[in-house]
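# Structure at a glance
Now for the letters of each chain:
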Amino acid sequence: MSAPSSGQPSQRLWQIDALRGLMLVLMTFTHLPTLFASPTGQPFGFVSAAEGFVLLSGFMAGMVYAGRERREGEERMRSAFYRRVVKIYLCQAGMLLFLFSVVALIAVVLQEDAITGLMKYYLHEPLHALVGALLLIYSPPLLDILPLYVLFMLISPVVLLHGLRHGWGGILALSIALWLAAQFKLGGMLYEALAPAAGIRVPLVQTGAFDVLAWQFLWIMGLWMGAERAAQRPPAVFPRWLLHTAIVYAAICFVWRHVIGQVPIPHDTGLNMLFDKWQLAPLRLFNLFALLVLAMHYAPWLATHLPRVRALETMGAASLPVFCSHLVLALLALALFGAPTPTRTPWIDIGIVVVSFAVLYGVALLSQELDRQAAARRKGRTERVKAPKAAPPSSAALPH
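Just so we're clear, the structure is a prediction, and the values are computed from it rather than from any experiment.

### Topic: the nonpolar core
Ranked by size, the top nonpolar core spans 98 residues in total, and within it Ile-115, Met-119, Leu-160, Trp-215 and Trp-219 carry the most contacts. Counting residues in each nonpolar core, the second largest holds seven residues, with Leu-243, Ala-246, Ala-250 and Leu-294 among its members.

Have a look at this one:
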């Protein structure tokens with residue numbers, strides 16, 4: 001997900017780790033097939049954990065790799081980006097193989113509709129689905145966000161270097177233009193026009209729910225904010241009118257979501273599209289911006305008055321393995337227990353949640369320990385390289 005700290009302890013921001021940990025907790029509640037999924041979905045308004053997670057991951061990538069470019073140069077920064085791309089791709093490939101083997105076998109044996117429906121394209125076209133998935137074209141539900149990260153990380157070195165050298169105005173303008181194009185479904189139209197000519201047989205509906213042209217805006221904005229942080233720019237000071245507007249809009253969306261539900265206008269599909277998650281529609285984006293303004297303005301107060309939740313920080317610092325593990329657990333739970341029903345005992349759902357979070361925290365602790373051991377090995381190698389070599393004996397000391 002986000003960039004590693006590159007062995008620089010000063011780049012580890014516990015506040016960002018805690019926020020990413022919170023996003024992981026919310027995503028886990030949402031994706032596990034339990035009675036807790038609906039109440040915990042979009043708890044802050046008409047914004048999900050995915051938006052916050054992508055923005056935070058872009059921020060960390062911008063901050064870490066901009067700092068790395070300044071310390072080690074352009075080539076080392078590019079190499080670090082591409083090593084991360086390979087790691088994320090291998091995680092995606094591993095989860096795909098797990099879905100297409102273990103989960104598929106369980107689903108076929110148990111005939112669980114919740115998981116067979118999720119894998120419908122693979123079960124009908126296994127070869128094309130496997131190849132398309134490894135090419136990051138076919139993205140089954142729940143496994144459609146890491147392909148976004150691979151794409152965003154691939155373009156990030158070029159974007160980041162251009163921003164560092166020439167400023168971010170043009171990049172942000174282009175990103176906003178692509179987001180606007182996504183609101184008119186330009187990406188889908190281009191895919192349907194070009195895919196047959198390229199010999200791609202994967203239907204548009206099977207390429208993933210997230211609109212790449214829309215969601216790139218969050219990544220680019222996070223990348224810009226992270227680069228500004230690495231350059232130690234002074235924090236933004238919002239005008240009073242903007243702060244008050246953000247408070248009012250965020251409060252309205254918060255109350256609206258918890259009174260009406262996650263569908264803002266239940267009987268009007270057209271107006272609901274203004275809050276659409278997959279295209280990052282305008283009213284949803286405004287809700288995210290309002291929360292972002294409030295978080296940035298009140299961050300110093302919150303950091304000094306709220307207790308630190310170390311478990312969230314631990315999970316957030318190990319975001320990639322925890323994210324992958326939560327998807328594995330969600331797929332297994334769907335295959336074994338199916339979607340939640342009114343007749344299912346709540347103790348099953350409670351057990352799923354308790355076991356899942358215990359596993360995720362264990363994964364985070366294991367990842368932390370492995371990172372600590374790797375850092376110790378790197379430090380040891382560095383010290384051996386820097387250690388002065390013993391001087392050769394003088395001729396006076398040689399035996400005659």
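### Section: a positive patch on the surface
There is a patch of like positive charges on the surface, built from Arg-377, Arg-378, Arg-381 and Arg-384. Position of Arg-384 among the secondary structure elements: in helix H17 (residues 346-386). On the accessibility criterion, Arg-384 (61% relative accessible area) is exposed.

### As for the side chain of Arg-257
Among the structural elements, Arg-257 can be located in helix H12 (residues 240-260). Of the side chains with opposite charge, Glu-51 comes closest to the buried, unpaired Arg-257, at an N-O distance of 12 Å. Engagement of the side chain of Arg-257 in a polar contact is seen with the backbone oxygen of Ser-38, the distance being 3.1 Å. Side-chain polar atoms of Arg-257 contact the backbone oxygen of Gln-42, separated by 2.9 Å. Excluding residues that lie within four positions of it along the chain, Arg-257 makes contacts with Ser-38, Pro-39, Gly-41, Gln-42, Pro-43, Gly-45, Phe-46 and Gln-262.

### Observations regarding the packing of aromatic side chains
Two measures describe an aromatic ring pair: the distance that separates the ring centres and the angle between the ring planes. A full pass over the atoms with the stated rule returns 15 aromatic pairs. Relative to Trp-256, the ring of Phe-46 lies with its centre 5.5 Å away and its plane at 85°, an arrangement referred to as edge-to-face. Note that Phe-46 is positioned in the loop between helix H2 (37-40) and helix H3 (49-72) and Trp-256 in helix H12, a separation of 210 residues in sequence. The class for Trp-256 is partly exposed, based on a relative accessible area of 28%. When the centroid spacing of 5.0 Å and the interplanar angle of 65° are considered together, the rings of Tyr-121 and Tyr-138 count as edge-to-face. Taken together, the residues span a long stretch of sequence, with Tyr-121 in helix H6 (residues 120-124) and Tyr-138 in the loop between helix H7 (126-134) and helix H8 (146-166) at a distance of 17 residues. You'll find Tyr-121 and Tyr-138 in the same group, each marked buried. Within the aromatic cluster, the residues linked to one another by ring pairs are Phe-100, Tyr-121, Tyr-122 and Tyr-138.

### Section: the packing of H12 against helix H14 (residues 282-305)
Packed helices, taken two at a time, are described by the angle their axes make and the gap between the axes. Interaxial distance between H12 and H14 falls to 9 Å at its minimum, and their mutual angle equals 125°. One way to sum up the angle between H12 and H14 is to call them oblique. For the element pair H12 and H14, the recorded crossing hand is left-handed. Residues Leu-243, Ala-246, Ile-247, Tyr-249, Ala-250 and Cys-253 of H12 pack against Leu-283, Phe-286, Asn-287, Ala-290, Leu-291, Val-293, Leu-294, His-297 and Tyr-298 of H14. Residue composition of the contact of H12 with H14, grouped by class: 13 nonpolar, two polar and no charged.

### Side note on the pattern of salt bridges
Under the definition given, this model contains 13 salt bridges. Among the ionic contacts, a cluster of salt bridges with common partners joins Glu-69, Glu-74, Arg-78 and Arg-165.

### A word on the packing of helix H4 (residues 74-110) against helix H16 (residues 319-337)
Between H4 and H16, whose axes approach to 10 Å, the crossing angle comes to 10°. Between H4 and H16, the angle is such that the two are roughly parallel. Along the contact surface, H4 presents Arg-84, Lys-87, Ile-88, Cys-91, Met-95, Phe-98, Leu-99, Val-103, Ile-106 and Leu-110, while H16 presents Leu-320, Cys-324, Leu-327, Val-328, Leu-331, Leu-332, Ala-335 and Leu-336. For the contact of H4 with H16, the class distribution of residues is 16 nonpolar, no polar and two charged.

### Observations regarding the side chain of Asn-287
For Asn-287, the position within the fold is in helix H14. Take Asn-287: its relative accessible area is 0%, and that puts it in the buried class. In contact with Asn-287, not counting residues within four places along its chain, are Gly-45, Phe-46, Val-47, Tyr-249, Ala-250 and Cys-253.

Rules and cut-offs
- Residues numbered from 1 in each chain as written.
- Predicted model: local features only at pLDDT ≥ 70, side-chain atom pairs only at ≥ 80, totals over all residues.
- Heavy atoms only, no water.
- Core = buried A, V, L, I, M, F, W, Y, C linked by side-chain atoms within 4.5 Å.
- Buried < 20%, exposed > 50% of the residue type's maximum accessible area, 1.4 Å probe, protein only.
- Patch = residues over 30% accessible without salt bridge, like charges linked within 9 Å, V, L, I, M, F, W, Y side chains within 5 Å.
- Areas by Shrake-Rupley, 256 points an atom, 1.4 Å probe, with all protein chains shown as cover.
- Salt bridge = Lys/Arg side-chain N within 4 Å of Asp/Glu carboxyl O.
- Lys, Arg positive; Asp, Glu negative; His and termini not counted.
- Charge placed at Lys NZ, Arg CZ, Asp CG, Glu CD.
- Helix = DSSP H or I, 4+ residues; strand = E, 2+ residues; numbered from the N terminus.
- Polar contact = N/O pair within 3.5 Å; in protein donor to acceptor, adjacent residues only side chain to side chain.
- Contact = heavy atoms within 4.5 Å.
- Phe/Tyr/Trp six-rings, centres within 6.5 Å; stacked < 30°, edge-to-face > 60°.
- Axes fitted to C-alpha atoms, helices over the stretch in contact; angles between N-to-C directions.
- Parallel < 35°, antiparallel > 145°, perpendicular 65-115°, else oblique.
- Left-handed = near helix turned anticlockwise from the far one by under 90°.
- Nonpolar A, V, L, I, M, F, W, Y, C, P; charged D, E, K, R; others polar.

These results come straight from atomic positions and should not be treated as a statement about function.
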